[in-house]
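# Commentary on secondary and tertiary structure
The chain contents come next:
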Amino acid sequence: MGSFIKKDLLVFWRDRKEVLLSLLLPIVLIAVLNIALSGLFNSDEDSINIHVGIVEEDNSSIGMEQFEEALNQLNISQVEQEAALKQAQMLDPSKTVRDFFNNPELQDWLHTQNISETEAIKLVEEGELDAFVKIPEGFTYEVLSSIIFDEEADVGLTIHADEQSTELTTLQNMVNNFVDSVNLQFALGTSAGTDSLEQLLPQGGSEIMEGVEMYSFSQYITIAMSALFSLFIAQTVAMKTVTEKRERVFNRIILADSHPLQFLIGKTFATFCLSLLQITLTFTVSQLLFDIFPDKSMQFWLGILIIFTLFALSIAGLSALFTSISLNLRDENAISGIFTAIIMGMAVLGGSFAPIQSLPAVLQKIGEWTPNGLTQTVLLEWIQFTNPSDLIIPIIVLIGFFIVCLAIGMSIFPTRGRN
Amino acid sequence: MLETVKLSKTFKEKKAVEEIELYLHAGESVGLLGPNGAGKSTTISMISSLMKPTSGDVKLDGKSIIKNPSEIRKVLGVVPQEIALYEELSAYENLKFFGKIYHVAKEVLENRIQEVLEMVGLKDRQKELVKTFSGGMKRRVNIAAALLHKPKILILDEPTVGIDPQSRNHILETVRKLNEMHGTTILYTSHYMKEVEQLCNRVYIMDHGRVVASGTKTELLSILSTEDTIQIQLSKKSDSLLNTIKAIEHVRRVDETTQGIRIISKKGSNILSDLVHAAEKEGIQIIHFQMEVPSLEDVFLHLTGKTLRD
Ligand SMILES: Nc1ncnc2c1ncn2[C@@H]1O[C@H](COP(=O)(O)OP(=O)(O)O)[C@@H](O)[C@H]1O
Ligand SMILES: [Mg+2]
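### Focus: the sheet that holds strand S11 (residues 210-215) of chain B
Residue and element names in this part refer to chain B. Spatially, the six strands line up as an open sheet ordered S7-S8-S9-S4-S10-S11, and their pairing is mixed. In the strand order of this sheet, the two ends are held by strand S7 (76-79) and S11, each with one partner. Each strand axis lies, on average, 15 degrees off the axis of its neighbour in the sheet, ignoring direction. Across four bridges, S7 lies against strand S8 (residues 153-157) in parallel orientation. What sits directly across from Gly-77, in S8, is Leu-154. In the packing of helix H1 (residues 40-47) onto the sheet, contacts are made with strand S4 (29-33), S7, S8, strand S9 (185-190) and strand S10 (202-207), and the angle to S8 comes to roughly 150 degrees.

### Regarding the sheet that holds strand S12 (residues 227-234) of chain B
All names here are of chain B. Spatially, the four strands line up as an open sheet ordered S13-S14-S12-S15, and their pairing is antiparallel. Among the strands making up the open sheet, the edge pair consists of strand S13 (251-256) and strand S15 (286-292). Pairwise comparison of adjacent strand axes, ignoring direction, gives a mean angle of 20 degrees for this sheet. The pairing of S12 with S15 spans six bridges and is antiparallel.

### Re the pattern of salt bridges
All names here are of chain A. If you walk through the whole model with that rule in mind, you get 30 salt bridges over all chains. Its salt-bridge partner being Glu-18, residue Lys-240 comes within 3.9 Å of it at the nearest N-O pair. In this pair, Lys-240 is assigned in helix H9 (residues 217-246) and Glu-18 in helix H2 (residues 16-42), connecting sequence segments 222 residues apart. Looking at Lys-240, the relative accessible area reads 17%, which means it is buried. Among the residues examined, Glu-18 registers a relative accessible area of 22% and is labelled partly exposed.

### Re the site of ligand 1
Around ligand 1, the structure places Arg-330 of chain A together with Phe-11, Lys-14, Ala-16, Pro-35, Asn-36, Gly-37, Ala-38, Gly-39, Lys-40, Ser-41 and Thr-42 of chain B. In this structure ligand 1 sits where residues from chains A and B come together. Ser-41 of chain B places a side-chain nitrogen or oxygen 2.7 Å from an oxygen atom of ligand 1. Contact between ligand 1 and Thr-42 of chain B: an oxygen atom at 2.5 Å from a side-chain N or O atom of the residue.

Conventions used here
- Residues numbered from 1 in each chain as written.
- Chains lettered and ligands numbered in written order.
- Predicted model: local features only at pLDDT ≥ 70, side-chain atom pairs only at ≥ 80, totals over all residues.
- Heavy atoms only, no water.
- Pairing = 2+ DSSP bridges.
- Helix = DSSP H or I, 4+ residues; strand = E, 2+ residues; numbered from the N terminus.
- Axes fitted to C-alpha atoms, helices over the stretch in contact; angles between N-to-C directions.
- Contact = heavy atoms within 4.5 Å.
- Salt bridge = Lys/Arg side-chain N within 4 Å of Asp/Glu carboxyl O.
- Buried < 20%, exposed > 50% of the residue type's maximum accessible area, 1.4 Å probe, protein only.
- Near = heavy atom within 4 Å.
- Polar contact = N/O pair within 3.5 Å; in protein donor to acceptor, adjacent residues only side chain to side chain.

Right under this line is the structure:
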């Protein structure tokens, strides 16, 4: 097995053109795109000014009354009722939100105005406002009952905007942090016994309008290019198999009576190493050059490494499948055509050329299940929330993808040179 | 030790190999001779378990290897017609890789690599990448790679095609040594009669997927013992003369060659006077006349109507 891996890595390494192309091209592309487009996006980062409209459709006193009524329906003691009511009045969700936006410390660069929704939409369209935050009807009541009765709330704060901007990203991060900190405060401030208070503003605590994401263009480019070029590695390694077959080395390998699995695992492991190396290198260099992910924690980078590892694994699975396919087909052009088609399909669906959200819904769904699409989505989520539990399902899916590809690859692996 | 039983292979419509029967005794050196497309490589692929026969069997020590090819793979070294090496790796790296996958023990592999490099005379160039080698050198590494696991039987598929005479002699010498000094059983495929004559105890001649003759050199030559081969050169080319000659009694074949006309006739039938008459009638002179001592080449021509180098 070791000899196969060594051979595959050595063969790749000797092909200097291929090495340069695989390892440097993504970095070069990211650099070019960053330099070319940075002016468009980050020109006035230092003097940021955010104009936000606050659309309040909630009436907090009505909400409070509703809440009191609901309390009365409950079969609890007078003392408990009063305690809950007091807590609710202290909390006053709408007011907390208003206070947050009117915080004097933020007034230098955060400019808010209270307006109606129709006006807000108009101003956002005209570009007068960067976004508006909507406190929806029933907000007070929903939030209170979600906390105190432990119910699912189905309304939450929403942010509305119609184009990506640094301002919007900042606003979104602010609102997220705010929501998180309020949740935390509340969780710490309440007595034991209520253990399901994770979310003050559950489900849609902040909502994003279509086409707008909370990551920067540089981040998108870095991730998309890394994922795309990793896909190419699967193809590169598999096409080496075509050469092995054409040059009859494969016959020799068969004559040596090596187990097919060794050949396949050799390819798979080599691909794994190469794509992990490539994606890590791309990220590291891009980060060092452009500080694409500023001020991130160790945890953030560790998560990134884990995602990379699993993505590289899924790419390795893909190369196992490709390898077996190439050993089964005679026509080299057909083989490379098939690979290119698969990879381009995955690249488009997985959002390597344009964010996945710009695709029709059905394709988006499929795209999210391609290993590169999934990885891209997870990475972007990770950038925004760094929430470890978000990683679990993608990890399982990527491992699953690897296993399925490898299994198919093994089952169609030929045991004779030609038939 | 190795034999084929009615071994056949059909590609789609084309019968590439038909009911080939051949055997190799331990220690023998056997030639498989035939023009391009005769089915030599196909036969070898089936013997070496790379290709499943359409019908028939390959037996090693009496046991069929079709179902369980592992047995033959262990004792067989195959030098394929194509260069089966990693161009991007050095000669040494190639041999190391193939040695490992042939499960040559770690302790002996290093020595063995040097041994086979010595045998093919490339010891001092082992660090160089295969892609920088000449055709002849590549062929030699190609052979070396098949020797690492000390195979009992070595099959070589046209190992000297398109290379310089020096490499060619080196290869022939290597094969001869393997057979004579190491007792390796050899199956040597070629379309060069000379090589086979030089190396092999026994020869199979293949054409159109069939074995058309087999035996030792003397046995094969005796096929021609009933015939004379006459080579004549004429002052002028003439189709009608050719036809007249064909009609002469006892003439069995007439072929045009680069030198003139080759006539095969029944042994001892004196057709010379008939020939001279026929030529005179057409007003053509016989410039040169020669009775040939038959060679294997003539046997081949006799059997297939082709020269080997066609
Ligand atoms: N894979 C194949 N598919 C179809 N025809 C083949 C294949 N391999 C060989 N042939 C045909 O079988 C015949 C014998 O080929 P081969 O065994 O290579 O001859 P040789 O080695 O004696 O030159 C040729 O006519 C060739 O075209
Ligand atoms: Mg051949």
